[in-house]
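Now for the letters of each chain:
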Amino acid sequence: MAVVGGAAALPLIFKLLLSLLLCFNSSPSLTQAGKWVPWEDRYPFIREASSFSSSSNNANNNKAYDYIIVGGGTAGCPLAATLSQKFSVLLLERGGVPFANANVSFMQNFHIALADTSPSSASQYFVSTDGVFNSRARVLGGGTCINAGFYTRAGPSYIKKAGWDSKLVNESYPWIEKQIVHRPNLAPWQRAVRDSLLEIGISPFNGFTYDHIYGTKVGGTIFDRFGRRHTAAELLASANPKKLDVLVHATVQKIDFDTSGKKPRAVGVIFKDENGNQHKAFLSKRKGSEIIVSSGAIGSPHILMLSGIGPKAELEKLNIPVVLDNKFVGQGMSDNPLNTIFVPTNRHVEQSLIQTVGITKAGVYIEASSGFGQSGDSIRCNHGVASAEIGQLSTIPPKQRTFEAIEAYRRSKKNIPHELFRGGFILEKIATPLSRGNISLVTTNADDNPSITFNYFSHPRDLKRCVDGIRIVEKIAKSKHFTNYTQCDKETLDKLLNMSVQANVNLIPKHTNNTQSLEQFCKDTVITIWHYHGGCHVGKVIAPDYRVLGVHRLRVIDGSTFEESPGTNPQATVMMMGRYMGVKILRERLGRTAGL
């Protein structure tokens, strides 16, 4: 079957099947009678933000909530499902639902979701000041709706460093896994990567495992055997429907505080619905009630600053009333830099996203994807990690990478044979980058992205590890298993790679031992794998229990609190964290009566 470059390229029979599946439910939920259940029936507590009545919601009546969670993403959904077992919860999500969205629900459309820059897209496009293209999730389920699906846990040393209870951690991961995680059917490209990793010494082979272990392994995936994505939004099926309200298209403008006491006290949130109308949701006055921000590494510090918690000078510049001066909000941002090599083939390859990973002792992770750049349309679009434009615009300085420059670049590719892009990518990601950046406000509009800087490779150790990683990837591309799979001899491979470099498409040039050249390659071709983190660090913005320092009744629970990205890919640990903290909060509040 031809690889898709867009919905129009799908064979007619597949489109008919896709339509039928989406008519029923993109989430495979069955009743006891074996019938498909529409998502509206499975999640009756999800509704549009405009249905919320501000007039009937105030702090003095029974409709005030025990917990208000800002952000229905990777951490927010399992957190809301857990807290709703015992208390009333309001979950506010700025995007729509992932169900019945073909770009989210099907692996074949992974690249289309990233290429969609429309206001209703599940991914919100942004360009960091470094000049790297990126996406933020804007949908219930968060990053689990637009990522490559790979599921792997954090290692024991990470758990210990985070100060988490290992027993509860080991109970929380399976809670996620039983609901939405699958064992992948290993694609040919992934098998070639696995065998090549072992051939060049990234050993031992650890088989299929969720555990973070040195060597080569096959991890879990949130795509099932039919290629359907299962997101964090499906964890809401474990909620108590009588105690949970989920509002979609609810964009939180700011958290509201009572500043009459010694410390500011969170009392509610102000949000905008899909029609632009403003509402206010109130927090219950019951002891223990809290607002929890779970809007991700960019969204959470952004919300805090819009609410008046952040660097005083920056807030005053935009006339935001200062609730709490904290210079660390939005600081220490980090993104794991990704560099890739495209390996061409003389035939179509099956689409695959990350299934195999090499966990090296050189401080880099090796992963792979295939089959998303094989149509004429694909090479003219930015599809993120699956794009033929990986590391695009490498000859243009970052600050000159304007939309006009991007369009000119795309036009220049029209005469490039699309056969050149037939194949797959080998990905090299730095494990624990030392380079740090920050986010800062541009406007007071919550819909606008803040200014985001990651300072890729500003630390020399990161650059050295990238060079080491590229050399590993080159070895894989030239290994016996890969040359057998691609049916390219060394001369043919070098010719294709050199041709692609001349065409200004970011494919790897022929092998070189010139360190300076590889350092420049790393800098020019850096992209993201969406594993950014930081901005609300423990000890600087929040306490070890995730309560925001200096204010009452406010926590942050998500990847913005991480010093390092967990495991090779963070989604498993972020979801686990939502469940873990939900159970922990209930046990702290109810003791043994929590029953969890």
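Residues numbered from 1 in each chain as written. Predicted model: local features only at pLDDT ≥ 70, side-chain atom pairs only at ≥ 80, totals over all residues. Heavy atoms only, no water.

### Thoughts on the side chain of glutamate 93
Then, in step 1: Relative to the helices and strands, glutamate 93 resides in strand E3 (residues 89–93).
Then, in step 2: Separated by 2.7 Å, the side chain of glutamate 93 and the backbone nitrogen of glycine 95 make a polar contact.
Then, in step 3: Within the local environment of glutamate 93, its side chain forms a polar contact with the backbone nitrogen of valine 139, the two atoms lying 3.3 Å apart.
Then, in step 4: Not counting the four nearest positions on each side in its chain, glutamate 93 is found in contact with Gly71, Gly72, Gly73, Arg138, Val139, Leu140, Leu247, Val248, His249 and Ala250. (Helix = DSSP H or I, 4+ residues; strand = E, 2+ residues; numbered from the N terminus. Polar contact = N/O pair within 3.5 Å; in protein donor to acceptor, adjacent residues only side chain to side chain. Contact = heavy atoms within 4.5 Å.)

### A look at the environment of methionine 305
Then, in step 1: Following the sequence through the fold, methionine 305 ends up in helix H9 (residues 296–306).
Then, in step 2: Taking the C-alpha atoms as reference points, methionine 305 and glycine 330, 25 residues apart in sequence, are found 8.3 Å from one another.
Then, in step 3: Excluding anything up to four places from it in sequence, methionine 305 contacts Gly310, Pro311, Glu314, Leu315, Ile320, Val329, Ile439 and Leu441.

### Examining the pattern of salt bridges
Then, in step 1: Inspection of the entire model under this criterion finds 16 salt bridges.
Then, in step 2: Note that lysine 161 is salt-bridged to glutamate 564, the shortest N-O span being 3.1 Å. Here glutamate 564 lies in the loop between strand E25 (554–556) and helix H16 (571–590) and lysine 161 lies in helix H6 (residues 156–162), a separation of 403 residues in the sequence.
Then, in step 3: Residue classification places glutamate 564 among the partly exposed positions, given a relative accessible area of 25%.
Then, in step 4: The partner of aspartate 256 in a salt bridge is lysine 280, with the nearest N and O atoms 2.2 Å apart. With aspartate 256 in strand E11 (residues 251–258) and lysine 280 in strand E13 (residues 278–282), this residue pair connects regions lying 24 residues apart in the sequence.
Then, in step 5: By relative accessible area, which is 22% here, lysine 280 ends up partly exposed.
Then, in step 6: By sharing partners, the salt bridges in this structure join Glu290, Asp545, Arg547, Arg555 and Glu588 into a single network. (Salt bridge = Lys/Arg side-chain N within 4 Å of Asp/Glu carboxyl O. Buried < 20%, exposed > 50% of the residue type's maximum accessible area, 1.4 Å probe, protein only.)

### Things to note about the packing of aromatic side chains
Then, in step 1: Using the criterion set out here, one finds 16 aromatic pairs in the structure.
Then, in step 2: Between tyrosine 158 and tryptophan 164, the aromatic rings sit 6.2 Å apart at their centres with planes inclined by 55°, giving tilted as the arrangement. Tryptophan 164 shares its class with tyrosine 158; the two are buried.
Then, in step 3: What links up through ring pairs into an aromatic cluster is the set Trp39, Tyr43, Phe45 and Phe99.
Then, in step 4: One residue, lysine 361, lies across the ring of tyrosine 214, its end atom 5.4 Å from the ring centre.
Then, in step 5: Here the basic side chain of arginine 589 rests over the ring of phenylalanine 87, its NZ or CZ set 4.0 Å away from the ring centre. (Phe/Tyr/Trp six-rings, centres within 6.5 Å; stacked < 30°, edge-to-face > 60°. Lys NZ or Arg CZ within 6 Å of the ring centre and 35° of its normal.)

### Re the UniProt feature "domain: Glucose-methanol-choline oxidoreductase N-terminal" (unreviewed entry) in the protein
Then, in step 1: UniProt annotation of "domain: Glucose-methanol-choline oxidoreductase N-terminal" (unreviewed entry) refers to residues 296–310 when read in the numbering used here.
Then, in step 2: Span residues 296–310 is 73% helix and 13% strand, its end C-alpha atoms 16 Å apart. (UniProt positions renumbered as here; feature names shortened; annotations may be inferred.)

### Observations concerning the nonpolar core
Then, in step 1: Trp164, Leu236, Ile255, Val269, Phe271, Ile309 and Leu554 are the most contacted members of the largest nonpolar core, which has 129 residues in total.
Then, in step 2: With 10 residues, the single largest contributor to this core is H16.
Then, in step 3: The two domains that each donate at least three residues to this core are domain 1 (43–182 + 227–334 + 533–595) and domain 2 (185–218 + 337–430 + 457–525).
Then, in step 4: Ignoring sequence-local partners within four residues, the contact set of leucine 554 consists of Ile255, Phe257, Ala266, Ile291, Val293, Leu304, Ile309, Tyr546, Arg547 and Val548.
Then, in step 5: Counting 20 residues, the second-largest nonpolar core is a separate cluster that includes Leu114, Tyr365, Phe425 and Trp530. (Core = buried A, V, L, I, M, F, W, Y, C linked by side-chain atoms within 4.5 Å. Domains from an automatic or database assignment.)

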